[in-house]
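# Structural description and commentary
Listed below are the residues making up each chain.
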Amino acid sequence: MKVSFWLLDIDSHKPGPRPQVRLWGIDEGGRRVLLIDKNFLPRFYVVPKNNNFLSALMDKCSRIEGVAEVKPVRRRFLGRELMCVEVLVKDPSNMDRLAKKISNLEIVMGCYGYDVRYTMQYLILKNLPPCKFIEVEASPTSRPEGAQIDLAYEIVGEFKPSVIEEPPELRTLSFYCVIPGEKGSPDPKSSPVVMISVITPDDEIICLEAGDGDSDLLKDFCDVIRSSNPDVIFGYGTNKRDWIYLVERAKINGIKLPVGRTGLFPHTSAYGHVSVTGRANLDLLDFVEDIQEIKLKTLQNAADYLGVMSENEGPEILEYDLYDYWSRKREILRDYAQHNVMRVKGLGEEFLDFGIQLSQVVGLPLDHVAAAAVGFRVEWFLIKEAVRRGELVPPRKEAFAGSYVGGIVLKPEPGVHEDIAVLDFASMYPNIMMLNNISPDTYIPPDEPDPPQGCYVAPGVGHRFRKEPPGLYREILSELIRARREVKEKLKSLQEDSPYYRVLQARQRALKVIANATYGYTGWAGARWYLKPVAEATAAWGRHYLRSIITMAEEAGFRVIYGDTDSIFIRYREGVDDLLNRIEKKLSLDIKLEKIYQRIIFTEAKKKYAGVLEDGTIDLVGLECVRGDWPDVARKAQREIVRIVLTTREIREARQRAKAFIRKYVEDVRNLKVPLKDFTIWKEITKKEYKARTPHLKVTEDLRRMGWKIKPGDKVGYVVVKGSGKLYERSVPFFKACPEDIDIDYYIDKMIFPAVMRILKLIGVEESELKGGGLEEFL
DNA sequence: GCGTGGGGGATACCG
DNA sequence: ACCGGTATCCCCCACGCG
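Predicted, not measured: the structure shown is a model, and the values here were computed from it. What you see as residue numbers is a count from 1 along each chain, following the sequence as written. Going through the entries in the order they are written, you letter the chains from A and number the ligands from 1. In view of the model being predicted, local features appear only for residues whose pLDDT reaches at least 70, and side-chain atom pairs are presented and counted only at 80 or more, with totals across whole chains, interfaces and linings using the full set of residues. Only heavy atoms go into the side-chain values, all of them from the structure, while hydrogens and water stay out.

### A look at the overall build of chain A
Runs of E in the DSSP output that reach at least two residues are strands. Runs of H or I that reach at least four are helices, and both are numbered from the N terminus. Each helix and strand in chain A was counted, giving 22 helices and 28 strands. In this description the radius of gyration comes from C-alpha coordinates, and the expected globular size is given by 2.2 Å times residues to the power 0.38. In terms of overall size, chain A behaves like a compact globule, its C-alpha atoms giving a radius of gyration of 30 Å where 779 residues would be expected to give roughly 28 Å. Each principal axis of the C-alpha distribution contributes one length, and for chain A these read about 95 × 80 × 55 Å. Exposed residues in this analysis have more than 50% of their type's maximum accessible area, buried residues have under 20%, and partly exposed residues fall in between, with area computed by a 1.4 Å probe over protein chains only. Considering chain A as a whole, with its 779 residues, one finds that 53% of them fall into the buried category. When checking whether two residues touch, look at their non-hydrogen atoms; a contact exists if any pair is within 4.5 Å. For chain A, the share of sequence-separated contacts (at least 6 apart) that also reach a separation of at least 24 residues comes to 66%.

So, in structure tokens, the structure goes:
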């Protein structure tokens, strides 16, 4: 019979001699289904050194223990057609070993595809898109014992895309764990999980609490999951923390944690994500990591930024105080956990559409794609598309990462400017790559002659790329851009509040993310398709095109005030449209009038400016006020100064207002009339070992002595207090600082003044003018 | 012994 | 665990001076 199902998760299983692939999904009737394929073997490809060795190679491979079958197949490698041997392997866990063994044979040039996971081989070779409906011929079979599904099938036929477009209704469960440590970070050996608040798929809020220990709590949590049988599990920070801790606690308690649809432990899988069989376990922190505007990635900040819930709603509890709340203020802690699980659910709803679209585009299962870094998302998209075109997948190898020259950044003309237009190339790097057919499979090494079809030569660096046939990057980038254009076209005909609009919006974002990251991918030394000349040539063309438009603008009588990589800033006047047209015609690259600043200010520094658009929107770029490693006292002051300078018509008046504001603000700071939080400086710990001594490292040492586990990736918050000696000797963890101890002079002289003066000196204000109004005037 | 200036480490930004 | 280009802070040490 035909079964249509929406593919949610995939795993493999080996109950007997033959491995099985299992597809977990939801059918068109909303039933949870499991489809088992017992007839797919993992495989890899062996390229002989010479075509004459093909049959000898087949013979050798077929005699190796563990090989099920060999056949000759035609493939391509970096654009070159070749014959190779497809080796089917009996046991997925033997792939690596067999490939190594065969690689060592005298007549073998190389092995390919052995480092692509069994389940991913299945998805790719069968052309299965995750998070979509698929149709397949299957026959009903008995449900595996304990499996939380309605129906099970054995796959007997081929797949084809389903006509069903509408996604099924997913049952989502959100959870939030409270894990206090009595002394510093909680240790699973001694500290139990004390609370788990859950929102079930039926929107019931449950707060589970530890009693004597957390044994019952963990069991209850599993019961909630099993009885509500969700498809998707939302959490925040769960891949690196909560699940790991829960598993540890379960082991210590000697109980099972049967949260998967087969009743298994959750386990850590690809990209450090935690996999829950048959469901999609999504850690929403993975999505929040990609939002640069959120500086401190707490659940509360993320929910606030995305409009899910204000950071002020519900109680605020520092991690450092959790144990105290659990011991003495449990009612508040309950409230806290409940608000947080609501935040988790809100974030989940915010990201689910995007996650689903990303999964469809990239081809990785939902839970994998969420946790995968940008480079891997690009890479899986490439792998899928390459295999579709008969290309072999290069193995990952350690490459020497020689550096190369990137984009051009112009020195800005410091000061206040009016009516400034920004012209920029639309998707410059992807377009450069398509236009010049830059790709690993079109690259012509220096020792090869020019091909008959001709080649494109990168300006300055001299790398050559075949004009024909189209390379992998040209093909996939044009496909991404074509698909995105189509989606954007469809969006125009839809109501903004329709659910389909949200889906398409998410889709176009997913397509854009992959296209924009492709250039960066080509320069990543760890990439399977890494080839330095590809990245180097792309950047070289970028510099060439930017120089071209600078020249054209200047020849048309425009002064270029600033420019960075793919943009130039010029005075907006008659003739801009004409300039745009001529650029487009000459370079065959899309260039756009991106925006017009009513007023814009540039400091002496590159990559830092602020401007106001006609509609009053203020753009803040690169300045201290957008940096998460500056304290809020300085960021807020600079932001307000920028606002005054940009929106006050008369500069003379702006000067007065700015001075008045700073005098008042500094006075407030001196009197501690600003939130104490605003003095905290947050910095990330980026590595294990350091050479330098700095405030944030000293504070990290303090925290570690107190029992807190600080790992690379964590942020530490510190405050500078009064006293003598180096700055790092006067820095303390933010929650340890008393208001009286704060070194206010440090904040004023070293943070607030420098930040605001960088703006104010542009309108002729001297630092000495700011100091009045307080003590001096009084004296 | 003390102030200074520049190099380098560290971080987070821009496109 | 995506690229190169850039600003900025702070620490540290060599250096010159007396």
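That shown, we press on.
### Considering the protein's contact with DNA strand B
Around DNA strand B sit 21 residues, and of these Asp566, Lys607, Thr686, Lys687 and His696 come closest. Those atoms of DNA strand B that come within 4 Å of the protein belong to sugar or phosphate at a rate of 91%. We call two N or O atoms a polar contact when they sit within 3.5 Å, provided that within protein one can donate a hydrogen and the other can accept it, with sequence-adjacent residues counted only if both atoms are side-chain atoms. One of the side-chain N or O atoms of Lys607 is found 2.7 Å from a base oxygen in DNA strand B. Contacts to DNA strand B include Gly622, whose backbone N or O atom sits 2.7 Å from a phosphate oxygen. Residue polarity is assigned by list, with Asp, Glu, Lys and Arg as charged and Ala, Val, Leu, Ile, Met, Phe, Trp, Tyr, Cys and Pro as nonpolar; anything else, Gly included, falls into the polar class. For the surface near DNA strand B, the per-class residue count stands at 5 nonpolar, 5 polar and 11 charged. Throughout this document, a residue counts as near a molecule or strand when at least one of its heavy atoms sits within 4 Å of that molecule or strand.

### Digging into the sheet that holds strand β4 (residues 43-48)
Whether parallel or antiparallel, the strands of a sheet pair through hydrogen bonds between backbone atoms. Sheet architecture is open: 4 strands sit in the order β5-β6-β4-β7, paired in antiparallel fashion. A strand with exactly one partner marks an edge of an open sheet, and here the two such strands are β5 (67-77) and β7 (108-112). Pairs of neighbouring strands in the sheet enclose a mean axial angle of 30 degrees, with direction left out of account. Note on pairing: two strands pair once DSSP finds at least 2 bridges between them. With 4 bridges joining them, β4 and strand β6 (residues 80-89) adopt antiparallel strand pairing. Bridge pairing in β6 places Arg43 opposite Leu88. Here an axis means a line fitted to C-alpha atoms, over the contact stretch when the element is a helix, while the angle between two N-to-C directions is reported on a 0 to 180 degree scale. Against the sheet, helix α1 (residues 54-62) engages β4, β5, β6 and β7, with an angle of about 145 degrees to β5. Of the strands in this sheet, β4, β5, β6 and β7 touch helix α2 (residues 95-103), which is tilted by about 5 degrees from β4.

### Digging into the pairing of strand β11 (residues 195-199)
The buried fraction of β11 amounts to 5 of the 5 residues, a majority that puts the element mostly inside the structure. The alternating pattern of β11 places Met195, Ser197 and Ile199 and Ile196 and Val198 on opposite faces, both of which are buried. In this structure, strand β10 (residues 172-178) lies alongside β11, joined through 5 bridges in antiparallel fashion. Residue pairing in the sheet places Tyr176 in a bridge with Ser197 of β11. Bridge count between β11 and strand β12 (residues 205-209): 5 bridges; the pairing is antiparallel. Bridging from a neighbouring strand, Val198 pairs with Ile206 of β12. The hairpin formed by β11 and β12 contains 5 residues between the paired strands, and Asp203 there has a positive phi angle of roughly 70 degrees.

### Observations concerning the side chain of His368
Within the secondary structure layout, His368 lies in helix α10 (residues 366-371). A polar atom in the side chain of His368 sits 3.4 Å from the side chain of Arg117.

### Examining the protein's contact with DNA strand C
With respect to spatial proximity, 27 residues lie near DNA strand C, and among them Gly406, Gly520, Gly523, Lys606 and Tyr746 are the closest. Of what DNA strand C places within 4 Å of the protein, 89% of the atoms are sugar or phosphate. Contacts to DNA strand C include Leu727, whose backbone N or O atom sits 3.1 Å from a phosphate oxygen. Mapped by element, the contributors of at least two residues to the surface near DNA strand C are α11 (374-388), α14 (499-522) and α20 (744-760).

### Here we look at the pattern of salt bridges
Salt bridges, as used here, are contacts in which a Lys or Arg side-chain nitrogen is within 4 Å of a carboxyl oxygen on Asp or Glu. Scanning the entire structure with this criterion turns up 58 salt bridges. The salt bridge partner of Arg171 is Asp202, with a shortest N-O separation of 3.7 Å. Here Asp202 lies in the loop between β11 and β12 and Arg171 lies in the loop between β9 (151-161) and β10, a separation of 31 residues in the sequence. Owing to a relative accessible area of 26%, Arg171 belongs among the partly exposed residues under this scheme. A salt bridge links Arg559 to Glu413, with the shortest nitrogen-to-oxygen separation between them at 2.6 Å. With Arg559 in the loop between α15 (532-555) and β21 (560-563) and Glu413 in the loop between α11 and β17 (415-425), the pair connects residues that are 146 residues apart, well separated along the chain. A network of salt bridges, in which partner residues are shared, links Lys384, Glu385, Arg388, Arg389 and Glu475.

### Considering empty space enclosed by the protein
Grid points spaced at 1 Å over the protein atoms alone were grouped into cavities, where a 1.4 Å probe fits but cannot get out, and pockets, open sets with protein on both sides within 12 Å along at least five of seven lines, with lining residues defined by an atom within 4 Å of a point. Grid points are joined across faces, edges and corners, and a volume is the space filled by probe spheres set on the points. Scanning the model with the defined rule gives 1 cavity of 30 Å³ or more in all. In terms of lining residues, the largest cavity is bounded by Leu78, Ala386, Glu391, Pro440, Asp441, Leu472 and Trp529.

### Some thoughts on the packing of helix α12 (residues 428-435) against helix α13 (residues 472-492)
Packing of α12 against α13 leaves a shortest axis separation of 8 Å and a crossing angle of 130 degrees. The orientation of α12 relative to α13 falls into the category oblique. In this structure, α12 meets α13 at a crossing whose hand is left-handed. Contacts from Pro430, Asn431, Met433, Met434 and Leu435 in α12 reach Tyr473, Arg474, Leu477, Ser478 and Ile481 in α13. Each angle is binned into one of four classes, with values under 35 degrees roughly parallel, values over 145 roughly antiparallel, values of 65 to 115 roughly perpendicular, and all other values oblique. By definition, any crossing whose near helix is turned counterclockwise from its far helix by less than a right angle is left-handed, and any crossing with a clockwise turn is right-handed.

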